[in-house]
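# Structural overview
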Amino acid sequence: MSDPRPPEDFESSEELSPAPVALAEVEGDLPGESPDEAASEGAAWRELESLLALDDPEAVLTFMRLLPHADTAYTVSHLSPDSRTRLMGLLTEQDVVFAADLLEHLDDGLAADIVGELPSERAAELVEEMDSDEQADVLAVLSEPRAEAILEAMPEPAAQEVRERLAFAPDTAGGLMITEYLAYPDTMDAKSVRADLRANRDKHGAFEVRYLYTIDQAGLLIGVVPMRELVVALPGEPLQKSSVAAPLSVSASTDLDDLEHLFDRVNFSAVPVVDDAGKLLGVVQRAAVEEALGEESREDLAKFGGIIRGQELRTMPSWSRAARRLAFLAPVALLTLVSASLVAAFEPTVAAMPILAAFLPVVAGICGSGGTQALAVSIREQALGLITMEDLLRVMGKEVAVGAISGVFLGAMMMGIIGLWRGSWPLAIAVGAAIPFAIVIAKCVGGCVPVLLRALRVDPAMASGPLVTTVADLASFLSTLGFAYLAMRWSGGVG
């Protein structure tokens, strides 16, 4: 943040013309041309491994500067853990700004692994050069003792600012905001502000410069000035004349869903973040919200696949990855025993009609898929804010209707196919009658479980899948075996 100073403290300089201000948002200074464009990504990381083995810092830095943006994450992720640590150590020593920019192009988990292996002093030097939002993202992944060791090695003002950021939940405005922004007293005139921007062009080069903010002596947000208004303002005009008073702002606790809805309604690239008293804390950018939403979607997808914490890369230690997966697989394995015990209870029926075992997975697969469809719709509606606990009965009624229609159609289709194919009408009746019954239950569970879990403050993406699968299997096995037993009793095939 720029230090607000009264106009008389600025050095005099020529007035800016209406030409564009010599400030630009920097996306990164990683170059985009490779010395050998025919080289493959695989060849790139192998070549980098060789350069690291030669212990030639200049050659390594040159190689990384010439590496195309699109190849950076792939190349670094394929290095051995020791080579990644060595690479970042060399780059930090040679050009810490470039090293920090490169680190920001990596996944937060991978970046945290690299930073965590560096000596605390070197890691602190690297973290200090990162953007404020990236600092918090990376340190939040590290263990608390390791993160604190890095913070202690940083200058106290910078470390304190990061600690304040870490106090906010990551998916809130406070967790997503950047603290690199431009703020000045609203009594300053346009000429003085433009002079300050020129004098501090290097410091402000990576700031959010589409807007600057006006504040009072206590740091309370007063207004926002679009950069184009500053450029065309007359030299002696105070900022308040170009400022939009009472600007739209959000509190630090505003969650990601609310931020998404906000940016859907307004065409702003960023909004200021304030505390309860109205003091300006930072700026949350539209791009940061979109990135967080994308990460949330990827984590939800991983959770549906059984990755407990929603984040896993093959660069992580095998024991850590195995622990994450076992946390999901072990409970599922125990739940499958319930289904097995149910099948065992109908052992005489299965013994009298062995072919029945071949069709149990068919009914379970159909009903499980039906339950998953309902689950996906409920989770999407929750994300859009369309259903709450009050809508539970409505959700159930809608799924019963859809399940009944789907079940009758699929049951009749399977009954006809099995009867003509196998010539066993007791088997055909058992499967055909079981499908409507089981699919209605599966769809009701799939539709309602996410609503119930959200009300209990349990992540629906994590817990819904195993519950729906287990209930669908139980309903399928019970209905198929039960109808098979009744059909065989009716036909005289079992006592």
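Here, every reference points to the structure presented above.
Residues numbered from 1 in each chain as written. Predicted model: local features only at pLDDT ≥ 70, side-chain atom pairs only at ≥ 80, totals over all residues. Heavy atoms only, no water.

## Some details on the environment of Ser 120
Take Ser 120: it is sitting in helix α7 (residues 120–129). Separated by 28 residues in sequence, Ser 120 and Glu 148 have C-alpha atoms that sit 9.6 Å apart. Ignoring sequence-local partners within four residues, the contact set of Ser 120 consists of Arg 146, Ala 149 and Ala 153. (Helix = DSSP H or I, 4+ residues; strand = E, 2+ residues; numbered from the N terminus. Contact = heavy atoms within 4.5 Å.)

## Overview of a nonpolar patch on the surface
A contiguous nonpolar patch, built from Phe 409, Met 413, Ile 417 and Trp 421 and spanning about 480 Å² of accessible area, is present on the exposed surface. Residue placement: Met 413 occurs in helix α21 (residues 392–422). (Patch = residues over 30% accessible without salt bridge, like charges linked within 9 Å, V, L, I, M, F, W, Y side chains within 5 Å. Areas by Shrake-Rupley, 256 points an atom, 1.4 Å probe, with all protein chains shown as cover. Salt bridge = Lys/Arg side-chain N within 4 Å of Asp/Glu carboxyl O.)

## What about the sheet that holds strand β1 (residues 183–185)?
The four strands lie next to each other as β1-β2-β3-β4, forming an open sheet whose pairing is mixed. Two strands lie at the open edges of the sheet, namely β1 and β4 (244–245), each paired on one side alone. Examined bridge by bridge, β1 and strand β2 (residues 211–215) share three bridges and lie parallel to one another. Counted as the bridge partner of Pro 185 is Ile 215 from β2. (Pairing = 2+ DSSP bridges.)

## Quick notes on the packing of aromatic side chains
Working definition: an aromatic ring pair is given by the centre-to-centre distance plus the angle between the planes. Evaluated as defined, the whole model comprises two aromatic pairs. Ring centres of Tyr 181 and Tyr 213 lie 6.5 Å apart, and the angle between their planes is 80 degrees; this geometry places the pair in the edge-to-face category. Taken together, the residues span a long stretch of sequence, with Tyr 181 in the loop between α11 (173–176) and β1 and Tyr 213 in strand β2 at a distance of 32 residues. In terms of burial, Tyr 181 and Tyr 213 fall into one category: buried. Between Phe 359 and Trp 421 the ring centres are 5.9 Å apart and the planes differ by 70 degrees, which places this aromatic pair in the edge-to-face class. Placement of the pair is Phe 359 in helix α20 (residues 356–383) and Trp 421 in helix α21, with a sequence separation of 62 residues. Exposure remark for Phe 359: the relative accessible area of 6% places this residue in the buried category. On the basis of relative accessibility, which here comes to 59%, the residue Trp 421 falls in the exposed class. (Phe/Tyr/Trp six-rings, centres within 6.5 Å; stacked < 30°, edge-to-face > 60°. Buried < 20%, exposed > 50% of the residue type's maximum accessible area, 1.4 Å probe, protein only.)

## With respect to the pairing of β2
Counted residue by residue, β2 has five buried out of five residues, so it is predominantly covered. Of the two faces of β2, both are covered, the one formed by Tyr 211, Tyr 213 and Ile 215 as well as the one formed by Leu 212 and Thr 214. Of the strand pairs in this sheet, β2 and strand β3 (residues 221–226) are connected by five bridges, and their pairing is antiparallel. What sits directly across from Leu 212, in β3, is Val 225.

## Observations regarding helix α12 (residues 190–199)
The element α12 is largely enclosed, with a buried count of seven among its ten residues. When we look at burial in α12, the residues that qualify are Ala 190, Ser 192, Val 193, Arg 194, Ala 195, Asp 196 and Leu 197. Contacts from the buried residues of α12 go to β1, α13 (201–204), β2, α14 (227–232) and α15 (239–242). Where α12 starts, the residue carrying a side-chain oxygen 3.0 Å from the main-chain nitrogen of Lys 191 turns out to be Asp 189. (Polar contact = N/O pair within 3.5 Å; in protein donor to acceptor, adjacent residues only side chain to side chain.)

## Observations regarding the pattern of salt bridges
Within the structure shown, the criterion is met by seven salt bridges. The partner of Asp 95 in a salt bridge is Arg 65, and the shortest N-O contact between them spans 2.2 Å. Of this pair, Asp 95 sits in the loop between α4 (81–94) and α5 (96–104) while Arg 65 sits in helix α2 (residues 57–66), and the two are 30 residues apart along the sequence. Put simply, Glu 156 and Arg 163 hold a salt bridge, and the shortest N to O gap is 3.8 Å. Residue classification places Arg 163 among the partly exposed positions, given a relative accessible area of 25%.

## Details of helix α10 (residues 156–166)
Listed as buried for α10 are Ala 159, Val 162 and Arg 165. Projected down its long axis, α10 carries its buried residues within an arc of 120 degrees, all on one side. Relative to its buried face, α10 has exposed residues pointing more than 90 degrees away, namely Glu 156 and Pro 157. Where α10 is buried, its residues contact α8 (132–141), α9 (144–153) and α11. (Arc of directions from axis to C-beta.)

## Regarding the pairing of β3
Within β3, five of the six residues are buried, which leaves it mostly tucked inside the rest of the structure. From the end of β2 to the start of β3, which pair antiparallel, there are five residues, and Gly 219 there has a positive phi angle of about 85 degrees. Bridge count for β3 against β4 is two bridges, and the pairing is antiparallel. Across the sheet, residue Val 224 finds its bridge partner in β4, namely Val 244.

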